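Residue-level listing of the chains:
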Amino acid sequence: MRINKEKCIGCGRCTDYCMLGCITRDGKKVSINEEECVDCGVCLRAGVCAADAIYMPDENFEYPRAVRMQFSDPGVQHPALKAWGRGTEEAKTNDVTGKFGYGEYGLLLEFGRPCTGTRFTEVEKVTTAMRRLDIPILEDNPLYGLLEEDGSGRFKKEYVNEKVLSAILELRIEEKDLEYIITTILKLLEDVDTVVSVGLVTRFGENGSLPVVDKLAAMNIPVRPNAKINVGLGRPLIP
Ligand code: SF4
Ligand code: SF4
């Protein structure tokens with residue numbers, strides 16, 4: 001995103017609308033730090049600029065820069081996966097998709113939210129480690145297309161330093177590997193320079209039980225009461 005210096009009157013109204021703090025004001029001079037801006041479009045969509053000075057330059061729609069808005073702007077559709085915003089509906093729709101079945105878990109790592117953003121350099125610390133453990137990166141994950149094709153989990157060099165508002169990595173792990181994988185990831189995240197939310201996707205047992213809660217408790221990981229529970233009312237998944 002950019003500010004047209006000819007049009008800007010330096011009112012400063014837009015500065016509060018950037019959650020990443022990319023819009024700064026020095027007297028009457030207001031500017032956007034383009035290197036840190038993730039092209040989320042909030043400052044533009046807010047419609048606060050009476051001078052019509054905020055605009056998206058044409059080059060922001062070109063790769064590799066274009067991935068910023070694909071992962072940051074909810075009004076932009078991922079070109080390959082056709083999902084809006086961050087390119088994924090997340091594993092939280094498992095109640096209707098059945099993506100993760102019994103005997104396995106979906107492991108969900110969301111990098112960068114809230115209000116922090118992430119560079120793919122930070123995501124790569126996890127994707128490469130998962131590949132070393134022979135855990136595949138799911139092909140329907142929006143990050144998949146940005147990775148090298150050699151299976152290393154490294155990002156293609158043109159993308160690795162791009163910054164986005166949030167990137168969601170979904171993994172499929174076997175039930176028996178839960179403790180080892182979770183322990184490994186929590187250790188890895190100590191070296192990741194952004195906020196990361198870790199989620200686990202599991203199906204209820206036929207008797208309505210959630211055995212994973214006890215497993216996590218044994219690992220000293222509390223299950224927060226704000227966990228998402230979908231009940232598939234729209235399209236119930238029949239086992
Ligand atoms: S597009 Fe988003 S990140 Fe960039 S300056 Fe505007 S609000 Fe900030
Ligand atoms: S709201 Fe518009 S005119 Fe005011 S500082 Fe921001 S870009 Fe400039």
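As annotated in an unreviewed UniProt entry, the chain is 4Fe-4S binding protein from Enterocloster hominis.

Caption draft 1: Examining the overall build of the chain more closely. What the chain contains, in helices and strands, is six helices and nine strands. Projected onto its principal axes, the C-alpha coordinates of the chain cover approximately 65 × 40 × 35 Å. Relative to its 239 residues, the chain shows a buried fraction of 44%. At a minimum sequence separation of 6, the contacts of the chain that also span at least 24 residues come to 72%. In the form shown here, the chain has an accessible surface area of approximately 13200 Å², with 51% of it arising from carbon and sulfur atoms.

Caption draft 2: Spatial organisation of the sheet that holds strand β5 (residues 104-111). Pairing is antiparallel in the open sheet, where three strands are placed in the order β8-β5-β9. The sheet is open, and its two borders are formed by β8 (167-174) and β9 (196-201), each paired with just one other strand. Strand-to-strand twist in this sheet, taken as the mean axis angle between neighbours without regard to direction, amounts to 20°. As paired elements, β5 and β9 share six bridges and run antiparallel to each other. In the strand pairing of β9, Glu110 is matched with Ser197.

Caption draft 3: Just the domain arrangement of the chain, in detail. Domain boundaries assigned for the chain yield domain 1 (2-61) and domain 2 (86-218). Each of domain 1 and domain 2 has a C-alpha centre, and these two points are 33 Å apart. Facing the six residues of domain 1 at the interface are eight residues of domain 2. Its largest share of buried area at the contact with domain 2, domain 1 owes to Met19, Leu20 and Val38, together 64% of the area lost on that side. Between domain 1 and domain 2 we count three salt bridges in total. Here Lys163 and Glu36 are joined by a salt bridge, their closest N and O atoms 2.7 Å apart. Summed over the shared surface of domain 1 and domain 2, the number is three residue pairs in polar contact (both at pLDDT 80 or more). For the side of domain 1 that touches domain 2, the class distribution of residues is four nonpolar, no polar and two charged.

Caption draft 4: Molecular detail of the site of ligand 1. Close contacts around ligand 1 come from Met1, Tyr17, Cys18, Ile23, Ile32, Cys37, Val38, Asp39, Cys40, Gly41, Val42 and Cys43, and that covers them all. Grouping the constituent residues of the shell around ligand 1 by class yields 10 nonpolar, one polar and one charged.

Caption draft 5: Structural detail: the nonpolar core. Of all hydrophobic cores here, the largest spans 33 residues; its most connected members are Phe120 and Leu143. A total of five residues in this core trace back to one element, the largest contributor, which is helix α5 (residues 178-189). Leave out the neighbours within four places in its chain, and Phe120 touches Val67, Phe71, Leu143, Leu146, Phe155, Tyr159, Val160, Glu162, Val164 and Ala167. Met1, Ile32, Val38 and Ile54 belong to the second-largest nonpolar core, a separate cluster that totals 20 residues.

Caption draft 6: The arrangement of the site of ligand 2 in detail. Surrounding ligand 2, one finds Ile3, Cys8, Ile9, Gly10, Cys11, Gly12, Cys14, Val30, Cys49, Ala51, Ala53 and Ile54. The residue inventory of the shell around ligand 2, partitioned by class, reads 10 nonpolar, two polar and no charged.

Basis of the calculations
- Chains are numbered independently. Their residues run from 1 in the order of the written sequence.
- Just so you know, chain letters begin at A and ligand numbers begin at 1, following the order they were written in.
- With pLDDT at 70 or above as the cut-off, local features in this predicted model cover only qualifying residues; side-chain atom pairs require 80 or more to be listed or tallied, and sums for whole chains, interfaces and linings still use all residues.
- The side-chain quantities take in all heavy atoms of the structure and omit both hydrogens and water.
- A run of DSSP states H or I qualifies as a helix once it reaches four residues; a run of E qualifies as a strand once it reaches two. Both are numbered from the N-terminal end.
- Three exposure classes are used, based on accessible area relative to the maximum for each residue type with a 1.4 Å probe and protein chains only: buried under 20%, partly exposed in between, and exposed over 50%.
- Contacts are residue-level and defined by heavy atoms, with any inter-residue pair within 4.5 Å sufficient.
- Per-residue and other accessible areas were derived by the Shrake-Rupley procedure at a 1.4 Å probe size, with only the shown protein chains allowed to occlude residues.
- Note on pairing: DSSP must find at least two bridges between two strands before they are called paired.
- Here an axis means a line fitted to C-alpha atoms, over the contact stretch when the element is a helix, while the angle between two N-to-C directions is reported on a 0 to 180 degree scale.
- Domain start and stop points were drawn from an automatic or database domain assignment.
- Defined in terms of a 1.4 Å probe, buried area is the accessible area two parts forfeit on being brought together, summed over both.
- Each reported salt bridge corresponds to a side-chain nitrogen of Lys or Arg within 4 Å of a carboxyl oxygen of Asp or Glu.
- We define a polar contact as two N or O atoms separated by no more than 3.5 Å, with the added condition that, inside protein, one atom must be a possible hydrogen donor and the other a possible acceptor, whereas residues neighbouring each other in sequence contribute only through side-chain atom pairs.
- The classification used treats Ala, Val, Leu, Ile, Met, Phe, Trp, Tyr, Cys and Pro as nonpolar, Asp, Glu, Lys and Arg as charged, and all other residues, Gly among them, as polar.
- Residues are counted as near a molecule or strand when any one of their heavy atoms sits within 4 Å of it.
- What we call a nonpolar core is a set of buried Ala, Val, Leu, Ile, Met, Phe, Trp, Tyr and Cys residues that are connected through their side-chain atoms within 4.5 Å.

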